[in-house]
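Notes for the structure review
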Amino acid sequence: MTTATRPSPPKGGFNARRLIGVDDLSDAEIHFLLELAEHYAGYLRRAAPAPRRLAGKTQINLFYEDSTRTNMSFELAGKKLGADVLVVPVAASSVNKGEGYIDTSQTLAAMSADVMVLRANEKGLHETLDEVLNCIVINAGDGVREHPTQALLDAAAIASEFKKLEGLTIAICGDIRHSRVAGSDARLFTRLGAHVRFVGPAELMPPADEFSAVERCDRLSDGLDGADIVMGLRMQFERMGDGGAEAAKGYYDKFGLTHETIKLAKPAAKIMHPGPMNRGVEIDGALADDPERSIILRQVFYGVAMRMACLDALLTKGE
Ligand code: CP
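The structure reproduced in this document is the subject of the present report. (Residues numbered from 1 in each chain as written. Predicted model: local features only at pLDDT ≥ 70, side-chain atom pairs only at ≥ 80, totals over all residues. Heavy atoms only, no water.)

Notes on the side chain of Thr104
Which entries qualify depends on this criterion: Elements are defined by DSSP. Helices are runs of H or I of four residues or more, strands are runs of E of two residues or more, and each kind is numbered from the N terminus. Nitrogen and oxygen atoms within 3.5 Å of one another constitute a polar contact, given that in protein one can donate a hydrogen and the other can accept it, and given that sequence-neighbouring residues count only through two side-chain atoms. By definition in these notes, contact holds between two residues if any of their heavy atoms fall within 4.5 Å.
Along the chain, Thr104 turns up in helix α3 (residues 101–109). A distance of 2.8 Å separates a polar atom in the side chain of Thr104 from the backbone oxygen of Gly100. Those residues in contact with Thr104, other than ones at most four positions away along the chain, are Leu62, Tyr64, Val95 and Glu99.

Structure, rendered in structure tokens:
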């Protein structure tokens, strides 16, 4: 698709009024976002200014947890579409005087916000804010549950390489239990027709009654066999009770992603990682940096394009 051709919104319109989880989107809306992200990727590749479709709109990024990729790419995405973007400096805000999540969000939303991009590890907060705020809520990561725009950008990066996800085998390796990316990726990729595997030791797997459509492998050789995509995940040490010492012990020897172990996958398999990476813990730096294998920086590129698509679609309904 060229940048001259703007994809048409789904029949019946783009109706999602929030993006808290992957399941807030219909299949048609997911496909529309993938097309729209590719449309905006064209502008980014040509360094051409995108249409200012969000001029006059106000976007507030409120991140209670650290972020490089998500926060910065949402900021860039909003600015590229002409929105006024406010990135809240939480560490220097009245949060430090004890102001709670709801009061902080309501105060910021009262500054004529049209959309709030929120990262917070507080169960149910995004849903509560969706009810009480008069603006669109986008989930930029909530604890171990969902990170829907990461899943969408991952799907866009995969589609840019393989054209579609249908029929692909995607091995997600590492600390699945504490990863919101694994959860959102698995939900989205299976809906797009991919076969998803979780690969890792039992103690890093999610509860057995979750993700029934996903195959589980506790040996790297089984997990990577026939895989088109191998995605490494960071050990989420901050979410582990013992600081992760036990989980990390011996992990790299059994599950580390290296030029040697990637040979267990298909010969043309690509390596992905949502970042941030712990080099030498779950992935070898040489593999992560290998342009023949790694599409990790392409994920970052599609982070901006996909977030432009999400902001545009949610704020303009795709019209
Ligand atoms: N992938 C991801 O969410 O990265 P950040 O924590 O840097 O935003």
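Text resumes after the structure shown.
Some details on the site of the ligand
Rule in force here: We call a residue near a molecule or strand whenever a single non-hydrogen atom of that residue lies within 4 Å of it. Only the protein chains shown count as cover for residues, with accessible areas throughout obtained via the Shrake-Rupley method and a probe of 1.4 Å. For this classification, Asp, Glu, Lys and Arg are treated as charged, while Ala, Val, Leu, Ile, Met, Phe, Trp, Tyr, Cys and Pro are nonpolar and the rest, including Gly, are polar.
Surrounding the ligand, one finds Asp66, Ser67, Thr68, Arg69, Thr70, Arg119, His147, Gln150, Pro274 and Gly275. The contact in question runs from an oxygen atom of the ligand to an N or O atom on the backbone of Thr68, over 2.9 Å. One nitrogen or oxygen atom from the side chain of His147 is found 2.9 Å from an oxygen atom belonging to the ligand. Alone, the ligand offers 250 Å² of accessible surface; in the complex the protein occludes 91% of this. Taken together, the residues of the shell around the ligand sort by class into one nonpolar, six polar and three charged.

Re the pattern of salt bridges
So the rule is basically this: In what follows, salt bridge is the name for a side-chain nitrogen of Lys or Arg lying within 4 Å of a carboxyl oxygen of Asp or Glu. Partly exposed describes any residue whose relative accessible area lies between the buried limit of under 20% and the exposed limit of over 50%, with all areas from a 1.4 Å probe on protein chains only and scaled to the type maximum.
Enumeration over the complete set of coordinates arrives at 21 salt bridges. Its salt-bridge partner being Arg191, residue Asp23 comes within 3.0 Å of it at the nearest N-O pair. Placement of the pair is Asp23 in the segment before α1 (27–45) and Arg191 in helix α6 (residues 180–191), with a sequence separation of 168 residues. For Glu65, the salt bridge identified is with Arg180, shortest N-O distance 3.1 Å. Remark: Arg180 occurs in helix α6 and Glu65 occurs in the loop between β1 (58–63) and α2 (69–80); sequence separation between them is 115 residues. Like Arg180, Glu65 is buried. Residues joined in a network through salt bridges with shared partners are Arg17, Arg18, Asp24 and Asp130.

Quick word on the sheet that holds β1
Note the cut-off: At least two bridges found by DSSP between two strands is the condition for calling them paired. Axis lines are fitted through C-alpha atoms, for helices just across the contact stretch, and the angle between N-to-C directions can take any value from 0 to 180 degrees.
The four strands are arranged β2-β1-β3-β4 in an open sheet whose pairing can be described as parallel. Two strands in the sheet have a free side with no partner beyond their single neighbour: β2 (84–87) and β4 (136–139). Across the sheet, the axes of successive neighbouring strands diverge by a mean angle of 20°, strand direction being ignored. Where strand β3 (residues 115–119) and β4 come together, four bridges link them in parallel fashion. Its bridge partner being in β4, Leu118 is matched across the sheet by Asn139. Contacts from α3 reach β1, β2 and β3 within the one sheet, and its direction differs from that of β1 by about 160°.

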